[in-house]
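# Structure assessment
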Amino acid sequence: MSVMYMLIAFSLILAAMFLLAFIWAMRDGQYEDKYTPSVRILFDDAPIEQDEDSKEHPSIQQQQQQQRNETKKH
């Protein structure tokens, strides 16, 4: 029977730790912006440096970027 009291006390301590972690996350603002993390993967990162081989044979993404840059100029 004493094991039951130990398990109840342990579960209450564990629940309190999760509650404190949740409160800390809410105060830190981790749930404020729900939209940006879901679309961040769709945006381009910083440009990647090109080596000699890739300059001669640009990838499809580089060709698309060049086309977008050309359309912006016109």
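The structure displayed is predicted, hence computed values, not measured ones. (Residues numbered from 1 in each chain as written. Predicted model: local features only at pLDDT ≥ 70, side-chain atom pairs only at ≥ 80, totals over all residues. Heavy atoms only, no water.)

This part covers the overall build of the chain. On a plain count of helices and strands, the chain comes out with four helices and zero strands. For the chain, the sequential pattern of α-helices and β-strands runs α-α-α-α. Across the 74 residues in the chain, those meeting the buried criterion constitute 4%. As presented, the chain carries roughly 7700 Å² of accessible surface, and 62% of it is formed by carbon and sulfur atoms. (Helix = DSSP H or I, 4+ residues; strand = E, 2+ residues; numbered from the N terminus. Buried < 20%, exposed > 50% of the residue type's maximum accessible area, 1.4 Å probe, protein only. Areas by Shrake-Rupley, 256 points an atom, 1.4 Å probe, with all protein chains shown as cover.)

Another point: the packing of aromatic side chains. Under the defined criterion, the tally for this structure stands at one aromatic pair. Between the aromatic rings of Phe22 and Tyr31, the centroid separation amounts to 6.2 Å while the plane-to-plane angle is 45 degrees, which identifies the pairing as tilted. Taking relative accessible area as the criterion, Tyr31 reaches 44% and is therefore assigned partly exposed. (Phe/Tyr/Trp six-rings, centres within 6.5 Å; stacked < 30°, edge-to-face > 60°.)

What follows deals with helix H1 (residues 2–28). Between the first and last C-alpha of H1 there are 39 Å, a value that for 27 residues agrees with the 39 Å anticipated at 1.5 Å per step. Gly29 sits one or two residues past H1 and shows a positive phi near 85 degrees. (Expected span 1.5 Å × (residues − 1).)

Together, Leu19, Leu20, Phe22, Ile23, Met26 and Tyr31 make up an exposed nonpolar region whose accessible area comes to about 600 Å². Relative to the elements of secondary structure, Phe22 occurs in helix H1. (Patch = residues over 30% accessible without salt bridge, like charges linked within 9 Å, V, L, I, M, F, W, Y side chains within 5 Å. Salt bridge = Lys/Arg side-chain N within 4 Å of Asp/Glu carboxyl O.)

Looking at the chain as a whole, its pLDDT mean stands at 83, while 81% of the residues score no less than 70. Mean pLDDT across the elements of the chain ranges from a minimum in helix H3 (residues 52–56), with 61, to a maximum in H1, with 96. (pLDDT = per-residue confidence, 0-100.)

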